[in-house]
Amino acid sequence: MKTKEHIEVLLAHIANGDEKVRYDADAIIATYQKHDHVHPSIAVKILSVVGGILASLAFIGFLFLVGLYDSEMGLLFLGIAAIAGSAVLSRKADKIIMDTLCVSFFIIGFVLLGVGLDKMQVNANIIFTVFIGIAFCSLVSVQTYILSFVALLIVNGSILTLILSNRQYNLVSLYVAVMALLMAWLFLKEAAIITSNKALSRLYNPLRTGLVFSFLAGLVLVGKNGLVHAYFSYSWLCSVVIIAAIVYVVFQLFAILNVTKMRHKILISVFTVLVLLPTLSSPAISGAILIILLSFLINDKTGFVLGVLAFIYFISQYYYDLNITLLTKSILLFSSGILFIVIYLFTHIKLGTNEKN
């Protein structure tokens, strides 16, 4: 929760000394603190999702133990009822315990529906296409944070499953590129989306978080050497799209960092491209950097932490997969470390100079 002093400083910054700008500071602070108290943090919401998944697994195990697995129609009926019930219940209640219950029934419904359709020998492509349709309809109609978040994960998870089950591994790179563009657009258009209408403002946060997790899932597939066998040209194209998105985000950051001279903008952009060129063969690294920059741009702490953790993991994975000697790997790491230390010292000195001026 932001303190009263933080909110007052922000309001003063927005007014910028203009006496014509009027606002009720006490009412704004009270509304913000009330909203922050009613709506728990993202960490609590993610924990409720994890709790819902564990509860779902336990309940599904119980249903199979009592013999429900033998009835295809029973599986289909309970699956559809659980999905519909969770959608209705989520719109009636706004508490963590109810959110966990809704997530549990939502996941149970999809599992039972999938098992029922599979026992009826329905093609797997049709099953996951049905999942995408139901999850998308739930996403549009329910408009609650946790259920919308889970629905988006089901949509993207089903798309990835369709790609992998049909052995169309080159489409994974296309999936990652499309997700990078969607995520960048959603982050950069935050203000316009939130203010456009009430429904989109409710969906924005779960969509943003869900896209980050879905993007990370795609990055894991392309970041692990040998996990999916795609042509290099597709990985290269994916990396180009992500690098282009990073350069565009860097241009958006110039205003925040108070970089006004065109010469500095060009030098920073060229330097950014040169630093990212070695990641052409590993789009996962540049993808993690994109998450970090976008999260920094809109001050999304959850996305920023996820981006940093992903960056560390993908760097380590890339280093492990390199088919070179240990001595060469050590030299590369040493050189990279020196480069980043020099960059840090340079930016630290420049920022110190600007603050003194």
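Relevant structure appears above.
This text gives an overview of the structure that appears in the document. Remember, it's a predicted structure, so these values are computed and weren't measured experimentally. (Residues numbered from 1 in each chain as written. Predicted model: local features only at pLDDT ≥ 70, side-chain atom pairs only at ≥ 80, totals over all residues. Heavy atoms only, no water.)

1. Here we look at the packing of helix 10 (residues 198-223) against helix 13 (residues 283-298)
Then, number 1: Two elements in contact, helix 10 and helix 13, have axes separated by 9 Å at closest approach and are oriented at 160°. Judged by the angle between their axes, helix 10 and helix 13 are roughly antiparallel. The handedness of the crossing between helix 10 and helix 13 is left-handed. For the pair helix 10 and helix 13, the contacting residues are Tyr204, Arg208, Val212, Phe215, Leu216, Leu219, Val222 and Gly223 in the first and Pro283, Ala284, Gly287, Ala288, Ile291 and Ile298 in the second. (Axes fitted to C-alpha atoms, helices over the stretch in contact; angles between N-to-C directions. Helix = DSSP H or I, 4+ residues; strand = E, 2+ residues; numbered from the N terminus. Parallel < 35°, antiparallel > 145°, perpendicular 65-115°, else oblique. Left-handed = near helix turned anticlockwise from the far one by under 90°. Contact = heavy atoms within 4.5 Å.)

2. A few points about the pattern of salt bridges
Then, number 1: Applying the stated criterion to the full structure yields two salt bridges.
Then, number 2: Across the pair Arg208 and Glu190 runs a salt bridge, and its minimum N-O distance is 3.5 Å. Linking Arg208 in helix 10 with Glu190 in helix 9 (residues 190-196), this pair joins segments that are 18 residues apart in sequence.
Then, number 3: Between Arg208 and Asp300 there is a salt bridge, and its shortest N-O distance comes to 3.6 Å. Of this pair, Arg208 sits in helix 10 while Asp300 sits in the loop between helix 13 and helix 14 (301-321), placing them 92 residues apart in sequence. Across the pair, exposure class does not vary: Arg208 and Asp300 are buried alike.
Then, number 4: Bridged by salt links that share partners, the residues Glu190, Arg208 and Asp300 form one connected network. (Salt bridge = Lys/Arg side-chain N within 4 Å of Asp/Glu carboxyl O. Buried < 20%, exposed > 50% of the residue type's maximum accessible area, 1.4 Å probe, protein only.)

3. Quick word on helix 6 (residues 124-142)
Then, number 1: In a regular helix each residue adds 1.5 Å, so 19 residues correspond to 27 Å; helix 6 covers 26 Å between its end C-alpha atoms and thus fits that length.
Then, number 2: Its side-chain oxygen placed 2.8 Å from the backbone nitrogen of Asn125, Asn123 serves as the N-cap of helix 6.
Then, number 3: The positive-phi residue at the C-terminal boundary of helix 6 is Gln143, with phi of around 60°. (Expected span 1.5 Å × (residues − 1). Polar contact = N/O pair within 3.5 Å; in protein donor to acceptor, adjacent residues only side chain to side chain.)

4. A look at the nonpolar core
Then, number 1: Of all hydrophobic cores here, the largest spans 74 residues; its most connected members are Phe215 and Leu290.
Then, number 2: Ignoring anything within four residues of it in the chain, the contact list for Leu290 reads Ala180, Met183, Ile242, Ala245, Ile246 and Val249. (Core = buried A, V, L, I, M, F, W, Y, C linked by side-chain atoms within 4.5 Å.)

5. Description of the side chain of Asp300
Then, number 1: For Asp300, a relative accessible area of 12% corresponds to the buried category.
Then, number 2: At 3.4 Å, the side chain of Asp300 forms a polar contact with the backbone nitrogen of Gly303.
Then, number 3: Those residues within four positions of Asp300 in sequence are excluded, and the remaining contacts are Phe187, Arg208 and Ser295.

6. Description of the packing of aromatic side chains
Then, number 1: For the coordinates displayed, the defined rule picks out six aromatic pairs.
Then, number 2: Pairing Phe106 with Phe110 gives two aromatic rings, centres 5.0 Å apart and planes at 70°, and the pair type is edge-to-face. You can see Phe106 and its partner Phe110 sitting in helix 5 (residues 96-119), four residues apart, about one turn around the helix.
Then, number 3: Owing to a relative accessible area of 5%, Phe110 belongs among the buried residues under this scheme.
Then, number 4: With 5.6 Å between their ring centres and 75° between their planes, Phe149 and Phe213 make a pair best called edge-to-face. Within this pair, whereas Phe149 is found in helix 7 (residues 145-165), its partner Phe213 is found in helix 10, the two being separated by 64 residues in sequence.
Then, number 5: You can call Phe149 buried: its relative accessible area is 5%.
Then, number 6: Residue class for Phe213 comes out partly exposed when judged on its relative accessible area of 27%.
Then, number 7: Of the aromatic side chains, those joined through ring pairs into one cluster are Phe106, Phe110, Phe128 and Phe131. (Phe/Tyr/Trp six-rings, centres within 6.5 Å; stacked < 30°, edge-to-face > 60°.)

7. With respect to unusual backbone geometry
Then, number 1: With a phi angle near 60°, Gln121 is a residue other than glycine that sits in the positive phi range.
Then, number 2: You will see that Arg167, though not glycine, has its phi angle at about 60°, which is positive.
Then, number 3: Tracing the backbone through its elements, the reader meets Arg167 in the loop between helix 7 and helix 8 (170-188).
Then, number 4: Overall, the relative accessible area of 63% leaves Arg167 in the exposed class.

8. Examining the environment of Asn170
Then, number 1: Within the secondary structure, Asn170 is located in helix 8.
Then, number 2: We classify Asn170 as buried; its relative accessible area is 18%.
Then, number 3: With 52 residues separating them along the chain, Asn170 and Val222 place their C-alpha atoms 9.9 Å apart.

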